Amino acid sequence: MGASSSGNLNSVTMVLTRDEDRKRVLWETHGEQDMILQAPLLVTFCADWWRTREWLRLRDAKDNFNNFLGFEVASYDAMILAQNVCLGFQNHGLGICYMGTTLFAMKEISEFLELPETCAPITTIVVGYPAEDPAKRDRLPLKAFVHDERYRLPDVDEIEETYKVREVKGWERYMSMPGLREMAAEHGITTLAQFYTSEIKYDPKFFEEVSKETFEFLKSKKFL
Ligand SMILES: Cc1cc2nc3c(=O)[nH]c(=O)nc-3n(C[C@H](O)[C@H](O)[C@H](O)COP(=O)(O)O)c2cc1C
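Fair warning: this is a prediction, and the values are worked out from it, not measured in the lab. (Residues numbered from 1 in each chain as written. Predicted model: local features only at pLDDT ≥ 70, side-chain atom pairs only at ≥ 80, totals over all residues. Heavy atoms only, no water.)

Draft legend 1. Main features of the site of the ligand. Looking at the ligand, the residues that line it are Gln33, Met35, Cys97, Tyr98, Met99, Gly100, Thr101, Arg137 and Arg139. One of the backbone N or O atoms of Tyr98 is found 3.2 Å from a nitrogen atom in the ligand. Within the side chain of Arg137, a nitrogen or oxygen atom sits 3.2 Å from an oxygen atom of the ligand. Here the ligand loses 51% of its free accessible area of 620 Å² to cover by the protein chains. When residues of the shell around the ligand are assigned to their parent elements, the largest contribution, three residues, is made by strand E3 (residues 95-99). Split by residue class, the shell around the ligand holds four nonpolar, three polar and two charged. (Near = heavy atom within 4 Å. Polar contact = N/O pair within 3.5 Å; in protein donor to acceptor, adjacent residues only side chain to side chain. Areas by Shrake-Rupley, 256 points an atom, 1.4 Å probe, with all protein chains shown as cover. Helix = DSSP H or I, 4+ residues; strand = E, 2+ residues; numbered from the N terminus. Nonpolar A, V, L, I, M, F, W, Y, C, P; charged D, E, K, R; others polar.)

Draft legend 2. View of the pattern of salt bridges. Under the counting rule described, the total for this entry stands at ten salt bridges. Across the pair Lys23 and Glu20 runs a salt bridge whose closest N-O atoms are separated by 3.6 Å. Residue Lys23 and its partner Glu20 are both found in helix H1 (residues 20-29); the two are separated by three residues, about one turn of the helix. We classify Glu20 as partly exposed; its relative accessible area is 48%. Taken together, the shared-partner salt bridges in this structure form one network comprising Arg53, Asp63 and Glu117. (Salt bridge = Lys/Arg side-chain N within 4 Å of Asp/Glu carboxyl O. Buried < 20%, exposed > 50% of the residue type's maximum accessible area, 1.4 Å probe, protein only.)

Draft legend 3. A look at the nonpolar core. If you look at the biggest cluster of nonpolar residues, it comprises 25 residues, and the most contacted ones within it are Phe45, Phe71 and Ile125. Of all the secondary-structure elements, those providing two or more residues to this core are strand E2 (41-48), helix H4 (68-91), strand E4 (119-128) and helix H9 (204-220). Take this core: its biggest share by element is seven residues, from H4. Three or more residues apiece are contributed to this core by two domains, here domain 1 (6-134) and domain 2 (135-224). (Core = buried A, V, L, I, M, F, W, Y, C linked by side-chain atoms within 4.5 Å. Domains from an automatic or database assignment.)

Draft legend 4. Representation of the environment of Glu186 within the structure. Inspection of the secondary structure puts Glu186 in helix H7 (residues 178-186). Assessed through its relative accessible area of 63%, Glu186 is described here as exposed. Sequence separation between Glu186 and Met99 is 87 residues; the distance between their C-alpha atoms is 27 Å.

Draft legend 5. The packing of helix H6 (residues 156-175) against H7, seen in detail. The contact between H6 and H7 brings their axes to 7 Å, and the two run at 105 degrees. It follows from the interaxial angle that H6 and H7 lie roughly perpendicular. Every residue of H7 that contacts H6 at Trp171, Tyr174 and Met175 is listed here: Leu180, Arg181 and Ala184. Grouping the constituent residues of the contact of H6 with H7 by class yields five nonpolar, no polar and one charged. (Axes fitted to C-alpha atoms, helices over the stretch in contact; angles between N-to-C directions. Parallel < 35°, antiparallel > 145°, perpendicular 65-115°, else oblique. Contact = heavy atoms within 4.5 Å.)

Have a look at this one:
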């Protein structure tokens, strides 16, 4: 709860889902990711100005935050809090997994959790005691992220160097999953880069569609 918070307005809400029937509904909403059914707890982090705006109204203060900047500010608070909560759970021996699928179904999740105006789901985590101890996954080399004073456009050689290990390890990891290997073969996918923006992973058409839906959803929530 000590996460940094813009203006210390704490424009966040966490909705806990433990009820098995309700978890099953969210499992469907989140693309049937089975860890939702396996883990006992699901936490949905929301960018939430409703409580703050109600307080402002009761104190005859000017209304605010029902705008896109409000959405941004509260979303960052929600993500910062989420990561703190993850570290807290992990510190107690629990395991977590983020559900990015929250962003694919903001409207459905919002309706199901009965979120009010200027309150939107930003991310979700599943929480449980881990049944396995997987090897730590790598990240791209630190050098690729750090720029000294000014942005330095990486040249082709640097891009090649940055993705050299990832391209092999990432591809091997995905191809060790039999279902994915078959799908990749069906779609004629032969590299990790192709995989990422294929229909199997982050399809550009799907992203375009969801972007439009998100825009409509934010309008309906009075964030636009
Ligand atoms: C915002 C966000 C959304 C994510 N969504 C999913 C998800 O929907 N399903 C999943 O299995 N993992 C999800 N992940 C987990 C990432 O796939 C994972 O962090 C990454 O592959 C690196 O693995 P590691 O965290 O075990 O090191 C998400 C991570 C983040 C930060």
